[in-house]
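# Working through the structure, step by step
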Amino acid sequence: MNYRTWLIWIAIALLGATAVGAIALNRGETINSLWFVTAAVCVYALGYRFYSAFVATQVLVLDATRATPAERLNDGRDFVPTHKWVVFGHHFAAIAGPGPLIGPTLAAQFGYLPGTLWILVGAVLGGCVQDFAILFFSLRRDGRSLGQMARDELGVVGGTAALFGVMAIMIILIAVLGLVVVNAMKHSPWATSTVAATIPIAVLVGLYMRNLRPGRVLEATAIGVGLLLLAVVGGGWIDADATWRAWFDFDGPQLALMIIAYGFAAAVLPVWLLLAPRDYLSTFVKLGTISALAVAIVILHPEVKMPALTPFIDGSGPIFGGKLFPFVFITIACGAISGFHALIASGTTPKLLANEADARFIGYGAMMMESFVAVMAMVAATVLEPGVYFAINSPAGVVGKEAADAVALISSWGFPVGVEQMQALAREMGESTLFARTGGAPSLAVGMASLFAAAFGEKLLSLWYHFAIMFEALFILTTLDAGTRVARFMLQDMLGNWSPALGRTSWYPGVLITSFLVVAGWGYFLYMGTIDPLGGINSLWPLFGIANQMLAAIALCVGTTILVKTGKAHYAWVTGAPLAWLVIVTSSAAWEKLFSPELRIGFLAQAGDLADKLAQGKLDAAKAAGAPQLIFNNYLDAALTAFFLVITWVLVADMLRVCYCALNGKPCPPSSESLPMPSALVEGWARD
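Residues numbered from 1 in each chain as written. Predicted model: local features only at pLDDT ≥ 70, side-chain atom pairs only at ≥ 80, totals over all residues. Heavy atoms only, no water.

### Points about the environment of Ile313
For clarity, the cut-off: Helix and strand definitions here come from DSSP, where helices need a minimum of 4 consecutive H or I residues and strands a minimum of 2 consecutive E residues; each element is numbered from the N-terminal end.
Tracing the backbone shows Ile313 in the loop between β2 (303–304) and α14 (324–332). In sequence terms Ile313 and Gln109 are 204 residues apart; their C-alpha atoms lie 8.1 Å from each other.

Next up, the structure:
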């Protein structure tokens, strides 16, 4: 670089340091949200320009002339060379689920500072690197799944543990994704009808790009995005019509069954027909909305009203129990680093990528965009009045079922809020009530709608609110459908060792059987969550966070092993450092969720307390009826947490064993990297 370029990057570094300093050092007064946008943009620009370039050229060594699995194994259904922007759209849509939206919103309980710092640092040094590395390693191994790579690189013990652990974690992750979208869409005809419309729109775009006008990406995009916007407006018309409204007004269990059916269809249909075009179009909605949110923040630069640190860092928070360490890290989840991304990066994406050189743009770049989404979510949540934030997110079981009781308790914490204030806000948003709307999605939608209305039109507040709910639902469902397909690939890998036919993605009966088994697995947890007396999300989200971060640890174990075995042990710190941190955090969180005596934290403590009260007749009739289900759920959650913890440490121990053997010339599983083949593809995509 010449001196002018260096001066520009030095200026960006100084601006970023100033912004981060303003966020971190501010105390006792409000802070402008513009600092958050500035800090994020500068940190991500520096990370992509320098750190990702170092990883791409020195650690992984990308080769643009090498044929990818999409080219060599092209079967027209799962392995399909695809335009890089379509792949980016699919990949971003698949990884950007509820984590970057819901996690930061819930973590705002601790204040804006801890979550924001972890989002920025964790993404650049951890999450982006994991996604990039796993995508690259899968590309070099015929698009194999994470579990299959673990078995090939670590051997029987670690590989088997990873296969079963990853599969179990995947089931929980998809179930929680579905539960979040059910809670956001139930009894909301506007959101339900709009999201439902995205399915036929995606099919139309898929047929348009493949059969009607092949290669005309911009044309298909314009048609698809236009129809999506029409669907949003049409949802408002449906919601205003009593007859049509009834057709899209569903409760939790009904929506769960519909999502289960959709997940099965998404897993068995050709990827070009529904999955890729739907995710691609959803990406435009996601990126457009986040960009508009950033513009609104720049225009309005509202003050962040949540303090940097709240009194709840001691673990007494009303939204979820647990101290700042380690629970802020497992609550943020996908906004900083997500094991689920490793499944996408070793699932559908490497089967679509036409050029290995694009792995940096798609792997590192898409995760960077997701982290920016998390920053925007943190801003949208923290510009709300803290009293309003806690009134929306605190469960009725904590603050009371009556509005007067809830506002009195929340105000006593030092965050004043009134009943009339909440009722007026609900009317403005087009809702009957906003009290105890747990899960993070409604409060985030209120924050986004308030910013959009102030920047682009006050009279459209209810429209902005329901647009935000639809936007969140799209985020989640696109991850759910891709996750289901990835889980199907993983199950086929496992069953293929027993029956080779089931392992072939080209054998359609095997596709149907494995898809049904996967959907039945996560569908059970999803449906049970919708009939859980406490709403499911309260117990499943911490389990989701622990499982997700443990899955990231498994992925980094595999990545570190491959680096060491391929003669790059001197670069093993690139994946090894975030691995060490995740093992510490997840092990601490899992131990507390298992054995903490605090009833709002420990699964076993909750189950034991409920069982004792039930046996002693201390529960009223309604609570007694739901107690057996809650007791079972807590014991099941405890068993799964213990299983995930054991699997993680087995993988860490086996990784250390294999690395030791590789470094000392002792026998270990050979590298499973495929032999290189020159690419025959030419950049011949039709240009619009």
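Now that the structure has been shown, the text picks up again.
### Digging into the nonpolar core
Spelled out, the test is: In this description, a nonpolar core means a group of buried Ala, Val, Leu, Ile, Met, Phe, Trp, Tyr and Cys residues linked to one another through side-chain atoms lying within 4.5 Å. Buried means the residue's accessible area, taken with a 1.4 Å probe over protein chains only, is under 20% of the maximum for its type, while exposed means over 50%, and partly exposed covers the values in between. By the convention used here, residues are in contact when the closest approach between their heavy atoms is within 4.5 Å.
Counting residues in each nonpolar core, the largest one holds 221 residues, and the members touching the most others are Tyr44, Leu146, Met376, Leu434 and Trp522. Ranked by the residues each element gives to this core, the list is headed by helix α8 (residues 156–185), at 20 residues. When sequence neighbours within four positions are dropped, the list of residues in contact with Tyr44 reads Ile119, Leu120, Val124, Met368, Ser371, Phe372 and Val375. Counting six residues, the second-largest nonpolar core is a separate cluster that includes Ala607, Ala627, Leu630 and Ile631.

### Notes on the packing of aromatic side chains
The way to describe two aromatic rings as a pair is by their centre distance and the angle between their planes. To be explicit about the condition: Only the six-membered ring of Trp is used, alongside the rings of Phe and Tyr, when aromatic pairs are assigned; centres must lie within 6.5 Å, and planes under 30 degrees apart are stacked while those over 60 apart are edge-to-face, with the rest tilted. In our convention, an over-ring charge means Lys NZ or Arg CZ found within 6 Å of a ring centre and within 35 degrees of that ring's normal.
In total, this model carries 29 aromatic pairs according to the counting rule given. Centre to centre, the rings of Phe54 and Trp573 are 6.0 Å apart; their planes meet at 20°, and the pair counts as stacked. With Phe54 in helix α2 (residues 34–60) and Trp573 in helix α26 (residues 573–595), this pair connects stretches of sequence that are 519 residues apart. Given the relative accessible area of 45%, Trp573 is considered partly exposed. Ring pairs connect the aromatic residues Phe312, Tyr389, Phe390, Trp413 and Phe415, which therefore count as one cluster. Against the face of Tyr48 rests Arg360, its NZ or CZ located 4.5 Å from the ring centre. Taking NZ or CZ as reference, Lys593 lies 4.7 Å from the ring centre of Phe603, over its face.

### Describing the environment of Ser138
Definition in use: Pairs of N or O atoms within 3.5 Å make up the polar contacts considered here, provided that, within protein, one atom can donate a hydrogen while the other can accept it, and that residues adjacent in sequence are counted only when both atoms are side-chain atoms.
Positionally, Ser138 belongs in helix α6 (residues 112–139). The buried category is assigned to Ser138, whose relative accessible area is 0%. C-alpha separation for the pair Ser138 and Leu579, spaced 441 residues apart in sequence, amounts to 19 Å. Contact partners of Ser138, with chain neighbours within four places excluded, come to Pro69, Gly143, Arg144, Met149, Ala345, Ser346 and Pro350. For Ser138, the side chain forms a polar contact with the main-chain oxygen of Arg144, separated by 2.9 Å.

### Description of the side chain of Gln549
You can see Gln549 is positioned in helix α25 (residues 537–565). Residues contacting Gln549, with those up to four places away along its chain left out, are Phe329, Ile330, Ala333, Ile337, Ser338, Leu582 and Thr586.

### Quick notes on the packing of helix α27 (residues 603–615) against helix α28 (residues 621–663)
Our working rule: Angles shown run from 0 to 180 degrees and are taken between the N-to-C directions of axes, each axis being a line fitted to C-alpha atoms and, for helices, limited to the stretch in contact. Working rule for angles: under 35 degrees goes down as roughly parallel, over 145 as roughly antiparallel, 65 to 115 as roughly perpendicular, anything else as oblique. A clockwise turn of the near helix away from the far one marks a right-handed crossing, whereas an anticlockwise turn of less than a right angle marks a left-handed crossing. In this classification, the charged set is Asp, Glu, Lys and Arg, the nonpolar set is Ala, Val, Leu, Ile, Met, Phe, Trp, Tyr, Cys and Pro, and all remaining amino acids, among them Gly, are polar.
It is the contact of α27 with α28, at a shortest axis distance of 8 Å, that shows an interaxial angle of 155°. Judged by the angle between their axes, α27 and α28 are roughly antiparallel. Crossing geometry of α27 relative to α28 is assigned as left-handed. The segment α27 lies against α28, with Phe603, Leu604, Gln606, Ala607, Gly608, Leu610, Ala611 and Leu614 engaging Ala624, Ala627, Pro628, Leu630, Ile631, Asn634, Tyr635, Asp637, Ala638 and Thr641. Considering only residue class, the contact of α27 with α28 consists of 13 nonpolar, four polar and one charged.

### A few points about the side chain of Thr82
Summarising the element assignment, Thr82 is placed in the loop between α3 (69–72) and α4 (84–95). By relative accessible area, Thr82 is classed as buried at 16%.

### Digging into a nonpolar patch on the surface
The test is simple: Residues qualify for a patch when their relative accessible area is over 30% and they have no salt bridge, like charges being joined within 9 Å and the nonpolar side chains of Val, Leu, Ile, Met, Phe, Trp and Tyr within 5 Å. Surface accessibility in these figures is a Shrake-Rupley result with a 1.4 Å probe; residues are shielded only by whichever protein chains are displayed. Salt bridges are counted wherever a side-chain nitrogen of Lys or Arg sits within 4 Å of a carboxyl oxygen of Asp or Glu.
Taken together, the side chains of Tyr3, Trp6, Leu7, Ile10 and Leu14 make up a nonpolar region of the molecular surface, amounting to roughly 570 Å² of accessible area. Positionally, Leu14 belongs in helix α1 (residues 3–25). Here Leu14 falls in the exposed class, since its relative accessible area comes to 56%.

### What about the packing of α26 against α28?
At a closest axis distance of 10 Å, the pairing of α26 and α28 adopts a crossing angle of 150°. Here α26 is positioned roughly antiparallel relative to α28, judged by the angle of their axes. Crossing of α26 against α28: the hand is left-handed. Contacts from Leu579, Val583, Ser587, Ala590 and Leu594 of α26 reach α28 at Ala638, Thr641, Ala642, Leu645, Trp649, Val652 and Met655. Broken down by class, the residue content of the contact of α26 with α28 amounts to 10 nonpolar, two polar and no charged.

### Quick look at unusual backbone geometry
Residues Phe325 and Pro326 are joined by a peptide bond in cis, for which omega reads 10°. Checked against the element boundaries, Pro326 lands in helix α14. One non-glycine residue with positive phi stands out, namely Val61, at about 60°. Backbone geometry at His301 places phi at a positive 30°, although glycine is not the residue there.

### Quick look at the state of the cysteines
Stated formally: Note on terminology: disulfide denotes any pair of cysteine sulfur atoms within 2.5 Å.
In this structure the tally under the stated criterion is zero disulfides. No disulfide involves Cys128; its sulfur sits 13 Å from the nearest other cysteine sulfur, which is in Cys334. A relative accessible area of 1% means that Cys128 is categorised as buried. Free of any disulfide, Cys661 has its nearest cysteine sulfur in Cys668, 6.2 Å distant.

### Here's the deal with α1
Turn by turn, an α-helix covers 3.6 residues, leaving residues three or four places apart pointing in a common direction. Convention followed: The span expected for a helix works out to 1.5 Å for each residue beyond the first.
A rise of 1.5 Å per residue sets the reference length of α1, with its 23 residues, at 33 Å; its end C-alpha atoms lie 32 Å apart and thus fit the reference within 8%. Along α1, the residues that are buried comprise Trp9, Gly16, Ala19, Ile23 and Ala24. Looking at the buried positions of α1, the neighbouring elements they touch are β1 (31–32), α2 and α6.

### Describing the environment of Arg213
Mapped onto the secondary structure, Arg213 falls in the loop between α9 (189–212) and α10 (217–240). Along the chain, Arg213 and Lys84 lie 129 residues apart, while their C-alpha atoms are 18 Å from each other. Beyond its immediate sequence surroundings of up to four residues, Arg213 is in contact with Tyr208 and Glu219.

### With respect to the confidence of the model for the chain
This is how it is decided: Values of pLDDT, the confidence the predictor places in each residue, fall between 0 and 100.
Confidence along the chain averages 85 in pLDDT terms, with 95% of residues attaining 70 or more. Of all the helices and strands in the chain, helix α23 (residues 500–503) carries the lowest mean pLDDT, 73, while α6 carries the highest, 96.

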